[in-house]
Amino acid sequence: MFAEVSALLAPLAAAIGYSSYKARQFEQAYPNIGELTDIGGYRMNAVHVPRPEHADLPALVFVHGASGNLLDQMVAFRAALEGRAEMLFVDRPGHGYSERGGPENAIPSGQADAIARLMEKRGIEKAIIVGHSFGGAIAAAFGVRHPDKTAGLLFLAPATHPWPGGIDWYYHVAAAPVVGWLFNHAIVVPLGLSRLERGTLNVFRPNVRPADYIDKTGPSLVLRPRTFHHNATDFKRLLAYVKEQSPLYSRIAAPTVIITGDKDEIVWEHLHSRGLARDIAGSELVIVRGVGHKPDYLATDVAIAAMEKIAGEPRDLQAAARKAEERLAAASREQTPGPVPSLMPGALSDA
């Protein structure tokens, strides 16, 4: 009997040991470049770029999406905005190197409150909140709950409204008690590594993923067992949350711009982005044709023009989108991506 149990447990122990080893490797490859700040019982991690002397934009707070960390938005925007604004690139609670905090941080409203407290700690009174994908739900919650701290809202391919279907099966498993712990500690790392290349290609589809995207943004950090559990829990709670909270978006009065691609197969623009444009009076919807789920990378210039417009500068965002389309069309003639299976962790699907 002992021999049978040992034969059963040995592969499991080996898988857990391998995952622990790889998690340490991920952290060595992508060490924390931010600063941990206690916001009341737990610490949030962020890269804070102080206000430059000749800033021409309000403070900017960047909120990354699912399966990500602060590097994703920092790589997209920091260099282009250096010297123009105070910037805060945030690891959401339980992601990157931020601690999770309490159960309230399993839903966007709790994470929005955490970011508001972090802003206070870092001396930022008011900011444009920039949310990509899942970060869009947090930006919306921020606008509803903290209008005094909201200079404006910029949504990039946001996930903010109810959708038909559900989420990928592995999120249900990863968020479950007991079996979830085993799944996260034994299966997620090898499964995730096998899908990482195809998944990151897919999140840019139909556009070409930057060749150095994985090297610069550390997507493997989400495969760490505890982080993957938090990521799965976020996803499992999101649909019920947006069903309850999306009717509150009409309370948002801050200047708002929504930028999305019409080829987004991760978060459908006709439900989420158009829903926000409908719900937030005075908001502007900018659809960049031919772009998938990453307008932060594919239409960075349009996003920066939107920040300028939110700050009060006259900007024709529709014209900026048309110029971006021309640029992308020219680039696509030089390099056309092949078909990529839909395997990106984080897709809102019928699964």
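Residues numbered from 1 in each chain as written. Predicted model: local features only at pLDDT ≥ 70, side-chain atom pairs only at ≥ 80, totals over all residues. Heavy atoms only, no water.

### Regarding a nonpolar patch on the surface
Next, step 1: A cluster of nonpolar side chains, contributed by Leu12, Val178, Trp181 and Leu182, occupies part of the molecular surface with about 380 Å² of accessible area.
Next, step 2: Tracing the chain through its elements places leucine 12 in helix 1 (residues 2–29).
Next, step 3: Judged by relative accessible area, leucine 12 falls into the partly exposed class, the value being 31%. (Patch = residues over 30% accessible without salt bridge, like charges linked within 9 Å, V, L, I, M, F, W, Y side chains within 5 Å. Areas by Shrake-Rupley, 256 points an atom, 1.4 Å probe, with all protein chains shown as cover. Salt bridge = Lys/Arg side-chain N within 4 Å of Asp/Glu carboxyl O. Helix = DSSP H or I, 4+ residues; strand = E, 2+ residues; numbered from the N terminus. Buried < 20%, exposed > 50% of the residue type's maximum accessible area, 1.4 Å probe, protein only.)

### Some remarks on the sheet that holds strand 1 (residues 35–38)
Next, step 1: Within the open sheet, the 8 strands sit side by side as 1-2-4-3-5-6-8-9. Their pairing is mixed. Every interior strand has two partners, whereas the edge strands, strand 1 and strand 9 (284–288), have only one. This sheet shows a mean twist of 25 degrees between the axes of neighbouring strands, independent of strand direction.
Next, step 2: Packed on one face of the sheet, helix 4 (residues 134–145) meets strand 3 (59–63), strand 5 (127–132) and strand 6 (150–156) and runs near 150 degrees to strand 5. (Pairing = 2+ DSSP bridges. Axes fitted to C-alpha atoms, helices over the stretch in contact; angles between N-to-C directions. Contact = heavy atoms within 4.5 Å.)

### Some thoughts on the pattern of salt bridges
Next, step 1: Here the structure, examined in full by the defined rule, presents 22 salt bridges.
Next, step 2: Measuring nitrogen to oxygen at the nearest pair gives 2.9 Å for the salt bridge that ties aspartate 56 to arginine 84. Note that aspartate 56 is positioned in the loop between strand 2 (43–49) and strand 3 and arginine 84 in the loop between helix 2 (70–81) and strand 4 (87–90), a separation of 28 residues in sequence.
Next, step 3: With a closest N to O distance of 2.7 Å, glutamate 284 and lysine 309 form a salt bridge. With a gap of 25 residues between them, glutamate 284 in strand 9 and lysine 309 in helix 12 (residues 300–310) connect regions that are remote in the sequence.
Next, step 4: A relative accessible area of 32% means that lysine 309 is categorised as partly exposed.

### A look at the layout of surface pockets
Next, step 1: As a volume, the largest pocket reaches approximately 340 Å³.
Next, step 2: Along the walls of the largest pocket sit 18 residues, with Glu27, Arg224, Pro225, Arg226 and Thr227 positioned nearest its centre.
Next, step 3: Among the secondary structure elements, those contributing two or more residues to the lining of the largest pocket are helix 1 and helix 9 (225–245).
Next, step 4: No other element matches helix 1, which puts 6 residues into the lining of the largest pocket. (1 Å grid on protein atoms, 1.4 Å probe; cavity = no way out; pocket = protein on both sides within 12 Å on 5 of 7 lines; lining within 4 Å. Points joined across faces, edges and corners; volume = space filled by probe spheres on them.)

### As for the nonpolar core
Next, step 1: Counting 60 residues, the largest nonpolar core has Val61, Ile115, Met119 and Ile129 as the members making the most contacts within it.
Next, step 2: By residue number, the principal contributor to this core is helix 4, which donates 8 residues.
Next, step 3: Those residues within four positions of valine 61 in sequence are excluded, and the remaining contacts are Leu88, Val90, Ile115, Met119, Ala127, Ile128, Ile129 and Val130.
Next, step 4: Counting residues in hydrophobic clusters, the runner-up holds 44 residues, among them Ala76, Phe77, Val130 and Ala320. (Core = buried A, V, L, I, M, F, W, Y, C linked by side-chain atoms within 4.5 Å.)

### Quick look at helix 7 (residues 188–204)
Residues lying three or four places apart along an α-helix face the same way, a consequence of the helix completing one turn every 3.6 residues.
Next, step 1: With 17 residues, helix 7 extends 22 Å between its outermost C-alpha atoms, agreeing within 8% with the 24 Å of an ideal straight helix rising 1.5 Å per residue.
Next, step 2: Restricting attention to buried positions, one finds in helix 7 the residues Val188, Val189, Gly192, Leu196, Gly199, Thr200, Asn202, Val203 and Phe204. (Expected span 1.5 Å × (residues − 1).)

### Here we look at the side chain of threonine 256
Next, step 1: Note on placement: threonine 256 falls in strand 8 (residues 256–261).
Next, step 2: A residue is classified by how much of its surface remains accessible, and threonine 256, at 5% relative accessible area, is buried.
Next, step 3: If we ignore the near neighbours within four places in the chain, the residues touching threonine 256 are Leu153, Phe155, Ile280, Gly282, Ser283 and Glu284.

### Topic: the packing of helix 6 (residues 179–186) against helix 7
Next, step 1: Taken N-terminus to C-terminus, the directions of helix 6 and helix 7 make an angle of 55 degrees; their axes are 5 Å apart at the nearest point. The angle between the axes of helix 6 and helix 7 places the two elements in the oblique class. On the side of helix 6, the interface is formed by Phe183, Asn184 and Ala186, while helix 7 contributes Val188, Pro190 and Leu191.
Next, step 2: A per-class count over the contact of helix 6 with helix 7 returns 5 nonpolar, 1 polar and no charged. (Parallel < 35°, antiparallel > 145°, perpendicular 65-115°, else oblique. Nonpolar A, V, L, I, M, F, W, Y, C, P; charged D, E, K, R; others polar.)

### Looking at the packing of aromatic side chains
Next, step 1: Following the criterion strictly, the structure yields 11 aromatic pairs and no others.
Next, step 2: Taken together, a centroid distance of 4.8 Å and an interplanar angle of 55 degrees make the contact between tyrosine 170 and tyrosine 171 tilted. Across the pair, tyrosine 171 and tyrosine 170 agree in class, each one buried.
Next, step 3: Taken together, a centroid distance of 5.4 Å and an interplanar angle of 80 degrees make the contact between tyrosine 213 and tyrosine 297 edge-to-face. With a gap of 84 residues between them, tyrosine 213 in helix 8 (residues 213–217) and tyrosine 297 in helix 11 (residues 295–298) connect regions that are remote in the sequence.
Next, step 4: Note on tyrosine 213: relative accessible area 9%, which makes it buried.
Next, step 5: Joined through ring pairs, the aromatic side chains of Phe134, Trp169, Tyr170, Tyr171, Phe183, Phe228 and Phe235 make up one cluster. (Phe/Tyr/Trp six-rings, centres within 6.5 Å; stacked < 30°, edge-to-face > 60°.)

### A word on the confidence of the model for the protein chain
Next, step 1: When the pLDDT values of the protein chain are averaged, the result is 93; 93% of them are 70 or greater.
Next, step 2: The low-confidence segment residues 336–351 (pLDDT under 50) makes 52 contacts with residues lying over four places distant or belonging to another chain. (pLDDT = per-residue confidence, 0-100.)

### Description of the packing of helix 12 against helix 13 (residues 317–334)
Between two packed helices, both the angle of their axes relative to each other and the distance between the axes serve to describe the pair.
Next, step 1: At a closest axis distance of 9 Å, the pairing of helix 12 and helix 13 adopts a crossing angle of 170 degrees. The orientation of helix 12 with respect to helix 13, classified from their angle, is roughly antiparallel. Across the interface between the two elements, Asp301, Val302, Ala305, Ala306 and Lys309 from helix 12 touch Leu317, Ala320, Ala321, Ala324 and Arg327 from helix 13.

### Quick word on helix 4
Next, step 1: Along its 12 residues, helix 4 runs 17 Å from first to last C-alpha, staying within 8% of the 16 Å computed at 1.5 Å per residue.
Next, step 2: Within helix 4, 11 of the 12 residues are buried, which leaves the element mostly enclosed by the surrounding structure.
Next, step 3: Looking only at helix 4, the buried set comprises Phe134, Gly135, Gly136, Ala137, Ile138, Ala139, Ala140, Ala141, Phe142, Gly143 and Val144.
Next, step 4: In this structure, the buried side of helix 4 is in contact with strand 3, helix 3 (108–121), strand 5, strand 6 and helix 9.

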